[in-house]
Amino acid sequence: MSATTEQLERNFTHRFLTSLRRINSPDSKTTTTHAAGLVIRRRSLRIKRAAYSSMARAAGSHRAWTRALLSRARSQRRRQQHDVHPNYIPPAQRRKSSVKRAAAAGREMGRAGKLRGLVPGGSRMEMGQLLEETAHYVQCLAVQVRVMQAVADHFSSSSSM
């Protein structure tokens with residue numbers, strides 16, 4: 001592992017564990033069994049968002065994919081603060097996105113198009129930048145997997161004792 005990867009892993013681990021502590025706070029627990037499924041689903045979504053936000057913040061804002069992920073996280077937070085369902089899309093935005101989808105369907109969906117769909121913010125990148133951002137994004141995803149696996153291993157070994 002290179003020095004930059006080790007630093008990225010340390011930054012991600014610190015940010016992710018801090019987020020997990022916040023998610024696991026006592027105010028987010030419930031006692032009713034009926035609401036338990038909903039609570040588990042919400043908590044798992046919060047963990048997923050925390051993992052991606054932590055990864056983007058650890059990588060820094062100089063990357064296009066990190067800015068795209070953080071922007072998405074901010075908009076999700078705003079929707080939740082305004083008590084709007086997280087999957088709600090205002091009618092004006094629905095029309096715009098359907099127009100974009102129709103335009104995208106008309107274009108050839110080659111390998112580059114598929115790659116653009118996988119990398120956050122990839123649709124707005126030139127090919128050279130897309131490849132560079134993809135390499136960095138994959139490196140960060142590998143770090144994320146290693147850290148999350150280590151956290152899972154730690155908690156599974158401590159719970160079995």
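Residues numbered from 1 in each chain as written. Predicted model: local features only at pLDDT ≥ 70, side-chain atom pairs only at ≥ 80, totals over all residues. Heavy atoms only, no water.

Draft legend 1. The arrangement of the overall build of the protein in detail. Secondary structure summary: the protein contains 6 helices and 0 strands in total. Counting every position in the protein, which comprises 161 residues, the buried fraction comes to 26%. For the protein, the proportion of contacts with a sequence separation of at least 24, taken over those separated by at least 6, is 60%. When the accessible area of the protein is evaluated, it comes to approximately 11500 Å², of which 56% is carbon and sulfur surface. (Helix = DSSP H or I, 4+ residues; strand = E, 2+ residues; numbered from the N terminus. Buried < 20%, exposed > 50% of the residue type's maximum accessible area, 1.4 Å probe, protein only. Contact = heavy atoms within 4.5 Å. Areas by Shrake-Rupley, 256 points an atom, 1.4 Å probe, with all protein chains shown as cover.)

Draft legend 2. Focus on the packing of helix 1 (residues 3–23) against helix 2 (residues 36–59). Contact geometry for helix 1 and helix 2: axes closest at 8 Å, N-to-C directions at 150°. Looking at the two axes, helix 1 sits roughly antiparallel to helix 2. Regarding helix 1 and helix 2, the two cross each other, and that crossing is right-handed. On helix 2, the residues touching Leu8, Asn11, Phe12, Arg15, Phe16, Ser19, Leu20, Arg22 and Ile23 of helix 1 are Arg43, Arg46, Ile47, Ala50, Ala51, Ser54, Met55, Arg57, Ala58 and Ala59. (Axes fitted to C-alpha atoms, helices over the stretch in contact; angles between N-to-C directions. Parallel < 35°, antiparallel > 145°, perpendicular 65-115°, else oblique. Left-handed = near helix turned anticlockwise from the far one by under 90°.)

Draft legend 3. Representation of the nonpolar core within the structure. Residues Phe12, Phe16, Met55 and Trp65 are the most contacted members of the largest nonpolar core, which totals 23 residues. Contributing elements (two or more residues each) for this core: helix 1, helix 2, helix 3 (64–81) and helix 6 (127–159). Each residue touching tryptophan 65, except ones within four places of it in the same chain, is listed here: Met55, Ala56, Ala59, Val119, Pro120, Met125, Glu133, His136, Tyr137 and Cys140. (Core = buried A, V, L, I, M, F, W, Y, C linked by side-chain atoms within 4.5 Å.)

Draft legend 4. Structural view of the packing of aromatic side chains. All told, the structure shown has 2 aromatic pairs when counted by the stated rule. Their ring planes at 10° and their centres at 5.4 Å tell us that phenylalanine 12 and phenylalanine 16 sit as a pair that is stacked. Here the residue phenylalanine 12 and the residue phenylalanine 16 both occupy positions in helix 1, the gap between them amounting to 4 residues, near one helical turn. Note on phenylalanine 16: relative accessible area 3%, which makes it buried. (Phe/Tyr/Trp six-rings, centres within 6.5 Å; stacked < 30°, edge-to-face > 60°.)

Draft legend 5. Local environment of helix 2. An ideal rise of 1.5 Å per residue puts 34 Å on 24 residues; helix 2 measures up with 34 Å between its terminal C-alpha atoms. Once helix 2 ends, the next one or two residues include glycine 60, with phi positive near 100°. (Expected span 1.5 Å × (residues − 1).)

Draft legend 6. Quick look at the pattern of salt bridges. By the definition in use, this model includes 3 salt bridges. Linking glutamate 9 and arginine 146 is a salt bridge whose minimum nitrogen-to-oxygen distance equals 3.4 Å. Of the two residues, glutamate 9 sits in helix 1 while arginine 146 sits in helix 6, which places them 137 residues apart along the sequence. You can call arginine 146 partly exposed: its relative accessible area is 36%. With a shortest N-O distance of 3.7 Å, glutamate 133 and arginine 63 are connected by a salt bridge. A residue pair is termed long-range when its members are at least 10 positions apart, and glutamate 133 in helix 6 and arginine 63 in the loop between helix 2 and helix 3 qualify at 70 residues. Salt bridges sharing partners connect three or more residues here, namely Arg63, Glu132 and Glu133. (Salt bridge = Lys/Arg side-chain N within 4 Å of Asp/Glu carboxyl O.)

Draft legend 7. Summary view of the side chain of arginine 63. A relative accessible area of 14% places arginine 63 in the buried class. Within the local environment of arginine 63, its side chain forms a polar contact with the side chain of glutamate 132, the two groups lying 3.4 Å apart. In contact with arginine 63, other than residues within four places in its own chain, are Glu132, Glu133 and His136. (Polar contact = N/O pair within 3.5 Å; in protein donor to acceptor, adjacent residues only side chain to side chain.)

Draft legend 8. Molecular detail of a positive patch on the surface. Residues Arg15, Arg22, Arg46, Arg57, Arg74, Arg77 and Arg78 make up a contiguous surface patch of positive charge. Sorting the residues of the positive patch by element identifies helix 1, helix 2 and helix 3 as the ones contributing at least two each. Ranked by residues supplied to the positive patch, first place goes to helix 3 with 3 residues. Counting through the fold element by element, arginine 74 comes out in helix 3. Residue class for arginine 74 comes out partly exposed when judged on its relative accessible area of 40%. (Patch = residues over 30% accessible without salt bridge, like charges linked within 9 Å, V, L, I, M, F, W, Y side chains within 5 Å. Lys, Arg positive; Asp, Glu negative; His and termini not counted. Charge placed at Lys NZ, Arg CZ, Asp CG, Glu CD.)

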